[in-house]
Protein chains: 2
Amino acid sequence: MAGLGRAAVAAQRVLALSSGEQRNRALHAMAAALRAQQSRVLAANERDCIAATAVGLGKAALDRLRLDAARVEAMAGGVEAIAALPDPIGTVMAEWSRPNGLRIQRVRVPLGVIGIIYESRPNVTCDAGALCLKSANAAILRGGSESHHSSTAIHACLVEGLRAAGLPDACIQLVPTTDRAAVGLMLSGMADSIDVIVPRGGKSLIARVQQEARVPVIGHLEGICHVYVDASANLEMARSIVLNAKLRRTGICGAAETLLVDAAAARTHLAPLVRELLDAGCEVRGDAATRSVDTRVVPAIESDWSTEYLDAIISVRVVEGVDGAIEHIAHYGSDHTESIVADDAAAAERFLARVDSAIVLHNASTQFADGGEFGMGAEIGISTDRFHARGPVGVEQLTSYKYVVRGSGQVRP
Amino acid sequence: MAGLGRAAVAAQRVLALSSGEQRNRALHAMAAALRAQQSRVLAANERDCIAATAVGLGKAALDRLRLDAARVEAMAGGVEAIAALPDPIGTVMAEWSRPNGLRIQRVRVPLGVIGIIYESRPNVTCDAGALCLKSANAAILRGGSESHHSSTAIHACLVEGLRAAGLPDACIQLVPTTDRAAVGLMLSGMADSIDVIVPRGGKSLIARVQQEARVPVIGHLEGICHVYVDASANLEMARSIVLNAKLRRTGICGAAETLLVDAAAARTHLAPLVRELLDAGCEVRGDAATRSVDTRVVPAIESDWSTEYLDAIISVRVVEGVDGAIEHIAHYGSDHTESIVADDAAAAERFLARVDSAIVLHNASTQFADGGEFGMGAEIGISTDRFHARGPVGVEQLTSYKYVVRGSGQVRP
């Protein structure tokens, strides 16, 4: 691992001085290699899936693991989309002059070496590697053992791209999963070579990272996302947003887990919303008021309000207006993404100002919590931290800056 | 300490919804209180200075500890200058629309609760408290025991200001120095209530913070700052910059510690620069080439190149051109602040691009490494980290952001 760290630092020095054009050339060559090696990538993935099935990996995890031609093409397209983004490095973020004539620029620079620790999704190998390269950071990738063959095959395509552009292989390194001590070393033993850790995974990984990390972390806690339907909400809009927020894809962090309905709308909005969810195959766990509208609603217990189901299950509660919703979210939420459906502009603005989450929406689905949907290109995740990066983490969030000051002999009085 | 944490979190919720006008009212009242209570602050400081002298505190530390009327007035003026800064909170940092009609804003919000751990300078109590308040963060201040009476008297003025503006006392809390466990708790036992730690102190404090912290840190490592004099440098400009960078104030982190002289200028520039330093009372520790120009130069040993003297001592080395300087700085520097003196624009641009420090200057003194000199108002320090904040940490660097998204019923396809 120490060798990996040294190689990453050396490769990052090359990257820091590379042109955006050279890095884009590598990205395009990676996309081409992914397409050319599709059958090899799928064969490797098949090996992973067979092994995962044999050890009884759950359905959701198996779905995250499985690749098909469309998913490989999506990876290649994603890399091309990253190449198409503006080069963040060298951008002058701000520029001003001082009365003494000093000219000051704040210029974007890479973070350095980024360690990414992730679980079963093999596409993270590709997304994370490409995002780090675009932002001139070296990447040390440590994926889950269940996706080892897939990640190795994908990584080979990334290295092919690096070589085609004349960049060092060590710009993107994959840690062998056989190295059991690797995660611990990345978190605490490589502070000299790793500048930032990005964990992508479930609660146990996040807990371990928070406990052990001696380097900065861009954290991705769970998304306990809420939709609050105000009494002023247009019912048809509320219906469409609630169904989409919960059921479009249930396994993503921006999926809604709790529906809050204004007590003033309990008689008009609650029943139709709950019935639509039930009819669409969603399990509804409700408070007493919610249970009273449909016998299929099961009782919610206290822990439901802080559970990220990532499944076709939703908890539903009646609250006292927008302030009741704000209070519930402050108590149970994970500061990820929350939406208010309301025609009342004052209620909406109050919600947007007072809900302290990375993303707050008015009259839109929580499933928009995504770097691509925000127009930032691909993302490495959604940060629920307040430090450095919050919300979608794209190429700009993987950078630092420095101050460049030009003078003509100024000394400080 | 748990009580302090809870109080800070509650106070921060009030601050998050306060207006910039209200916070400025508190700042102006603080400045007024500092002026009105000047004699009380100075009497408290006198007690600290007597105690510090009795236990044999060093001259530099004693100088940092001592207040006089001018320094109290400077604190009050500093607080007013912070009040005069634009309110960072609620600022729309970026704004764009998506093809589906969603309107996205990135809006500045406070970081939350900031813990500041510092040593002997009592003015940090005032500066840090005021900066945190301006940026709507609650502050938990833990100063050194040697400045305890001074800090307590200053803190009383800050609380007077908070009360005058109707803000909770707990917006700025001072930890009693009698609580020996406080620093450990702030670093690792209060992750639920402290969002960021800012350490202000020497190497041992920084090392402890890096070892123990379980919350994000805005770090301030030492400033091993370099001035490189290129062969193309105007000698008069080089002389003026080198003397200022080293000797204007020797105890600040932006003071130069090493002078690098281009080998091509060893015959023209080296001797006059070294003699000027020696004549100004600066000890010069040099390599062989430097020793050859004046018998008063003492030999530099390996550790001199990585020593932050914070005193009238400078190490001097002859290097092979701008690339030699870049290499020396990469090896021995602390990524803080470096300056090149050169008339050759290409050499200057090469240095500015390739030296990976928080601040790089061309033809200007390293002593400009300061938030005030940058026009950012007061600073809480100079970050040598790459994460979150780099360089001077002013009110903007003490903020996070959130995304506010306004729609009209959009759902994700």
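## Section: the overall build of chain A
Now for step 1: Scanning chain A for helices and strands turns up 14 helices and 16 strands.
Now for step 2: Taken over the C-alpha trace, chain A has a radius of gyration of 24 Å; the compact-globule value for 413 residues is 22 Å, and the two agree within 12%.
Now for step 3: C-alpha atoms of chain A, sized along the principal axes, occupy 70 × 70 × 35 Å.
Now for step 4: The long-range share in chain A, meaning contacts at least 24 apart out of those at least 6 apart in sequence, stands at 73%.

## A closer look at helix 2 (residues 20–36) of chain B
Now for step 1: With 17 residues, helix 2 of chain B ought to run about 24 Å at 1.5 Å a step, and its terminal C-alpha atoms sit 24 Å apart, in line with that.
Now for step 2: Close packing links the buried residues of helix 2 of chain B with helix 3 (38–54), helix 5 (69–84), helix 6 (123–134) and helix 7 (148–164) of chain B.

## A few points about the packing of helix 10 (residues 235–247) of chain B against helix 11 (residues 266–279) of chain B
All names here are of chain B.
Now for step 1: Interhelical geometry of helix 10 versus helix 11 gives an angle of 35 degrees and a closest axis separation of 10 Å. Both helix 10 and helix 11 take part in a crossing whose hand is right-handed. Residues Leu235, Ala238, Arg239, Val242, Leu243 and Lys246 of helix 10 form the contact with helix 11, whose own contacting residues are Thr268, His269, Pro272, Leu273, Glu276 and Leu277.
Now for step 2: Its residues assigned to classes, the contact of helix 10 with helix 11 comprises seven nonpolar, two polar and three charged.

## A look at the relation of the copies chain A and chain B
Now for step 1: For the match of chain A to chain B, the screw axis carries a shift of 0.0 Å, the RMSD comes to 0.0 Å, and the turn is 180 degrees. Look at the turn and shift together and you get a two-fold axis relating the two. The rotation axis passes nearest to the C-alpha of His388 of chain A in chain A, at a distance of 1.9 Å.
Now for step 2: By residue overlap, the copies meet face to face through one surface: 100% of the interface positions of chain A are interface positions in chain B.

## Re the domain arrangement of chain A
Residue and element names in this part refer to chain A.
Now for step 1: Here the domain parsing of chain A yields domain 1 (2–220 + 381–406) and domain 2 (225–368).
Now for step 2: On a C-alpha basis, the centres of domain 1 and domain 2 stand 34 Å from each other.
Now for step 3: At the interface, six residues of domain 1 touch eight residues of domain 2.
Now for step 4: For the side of domain 1 that touches domain 2, the residue count by class is two nonpolar, three polar and one charged.

## Points about the interface of chain A and chain B
Now for step 1: With 47 residues of chain A at the contact, the number on the chain B side is 47 residues.
Now for step 2: For the side of chain A that touches chain B, the secondary-structure elements that each account for two or more residues are helix 10 (235–247), strand 13 (359–364) and strand 16 (399–410) of chain A.
Now for step 3: The element that contributes the greatest number of residues to the side of chain A that touches chain B is strand 16 of chain A, accounting for 11 residues.
Now for step 4: Taken together, the residues that form the side of chain A that touches chain B break down as 22 nonpolar, 16 polar and nine charged.

## Considerations on the nonpolar core
Now for step 1: Of all hydrophobic cores here, the largest spans 131 residues; its most connected members are Phe351 of chain A together with Met30, Val79 and Ile197 of chain B.
Now for step 2: What Ile197 of chain B contacts, discounting residues up to four positions off in sequence, is Gly115, Ile117, Met186, Leu187, Val209, Ala213, Val215 and Val217 of chain B.
Now for step 3: If you look at the next biggest cluster of nonpolar residues, it comprises 129 residues, including Cys126 of chain A together with Leu259, Val274 and Ile326 of chain B.

## Comments concerning the environment of Ser188 of chain A
Residues and elements named next belong to chain A.
Now for step 1: Here Ser188 shows up in helix 8 (residues 182–189).
Now for step 2: The class of Ser188 is partly exposed, set by 15 C-beta atoms lying within 10 Å.
Now for step 3: The sequence separation of Ser188 and Val209 amounts to 21 residues, and the corresponding C-alpha distance is 9.4 Å.
Now for step 4: Ser188 has contacts with Glu212, Ala213 and Arg214, leaving out every residue within four places of it along the chain.

## Focus: the pairing of strand 12 (residues 337–341) of chain A
Residue and element names in this part refer to chain A.
Now for step 1: Counting buried positions along strand 12 yields five of five residues, so the element is predominantly enclosed.
Now for step 2: Covered by surrounding structure in strand 12 are Thr337, Ser339 and Val341 together with Glu338 and Ile340, the residues of both alternating faces.
Now for step 3: Relative to strand 12, strand 7 (residues 225–229) runs parallel, the two sharing four bridges. Pairing of His226 across the sheet is with Glu338, part of strand 12.
Now for step 4: In this structure, strand 12 lies alongside strand 13, joined through four bridges in parallel fashion. The partner of Thr337 across the bridge, within strand 13, is Ile359.
Now for step 5: Handedness of the crossover is the feature at issue here: the chain leaves strand 12, passes through helix 14 (residues 345–354), returns alongside strand 13, and the resulting connection is right-handed.

## Some points on the confidence of the model for chain A
Now for step 1: Mean pLDDT for chain A: 94, with 100% of residues reaching 70 or above.
Now for step 2: Across the predicted assembly, pTM comes out at 0.92 and ipTM at 0.93.

## What about the environment of Gln210 of chain A?
Now for step 1: By the secondary structure assignment, Gln210 of chain A is in helix 9 (residues 203–212).
Now for step 2: In this structure the C-alpha to C-alpha distance between Gln210 of chain A and Arg386 of chain A, which are 176 residues apart in sequence, comes to 15 Å.

## As for the environment of Leu67 of chain B
Now for step 1: By the element assignment, Leu67 of chain B lies in the loop between helix 4 (59–65) and helix 5.
Now for step 2: A sequence separation of 55 residues divides Leu67 of chain B from Pro122 of chain B, and the C-alpha atoms of the two residues are 8.1 Å apart.

## What to know about helix 2 (residues 20–36) of chain A
Now for step 1: Within the span of helix 2 of chain A, buried status applies to Arg23, Ala26, Leu27, Ala29, Met30, Ala31, Ala33 and Leu34 of chain A.
Now for step 2: Residues of helix 2 of chain A that are buried make contact with helix 3 (38–54), helix 5 (69–84), helix 6 (123–134) and helix 7 (148–164) of chain A.

What counts as what
Residues numbered from 1 in each chain as written. Chains lettered and ligands numbered in written order. Predicted model: local features only at pLDDT ≥ 70, side-chain atom pairs only at ≥ 80, totals over all residues. Helix = DSSP H or I, 4+ residues; strand = E, 2+ residues; numbered from the N terminus. Rg over C-alpha atoms; globule rule 2.2 N^0.38 Å. Contact = placed C-beta atoms within 7 Å. Expected span 1.5 Å × (residues − 1). Axes fitted to C-alpha atoms, helices over the stretch in contact; angles between N-to-C directions. Left-handed = near helix turned anticlockwise from the far one by under 90°. Nonpolar A, V, L, I, M, F, W, Y, C, P; charged D, E, K, R; others polar. Least-squares fit on C-alpha atoms with pLDDT ≥ 70 in both. Domains from an automatic or database assignment. Core = buried A, V, L, I, M, F, W, Y, C linked by C-beta atoms within 7 Å. Buried ≥ 20, exposed ≤ 12 C-beta atoms within 10 Å, placed from the backbone. Pairing = 2+ DSSP bridges. Right-handed = clockwise from strand over helix to strand, strands pointing away. pLDDT = per-residue confidence, 0-100.

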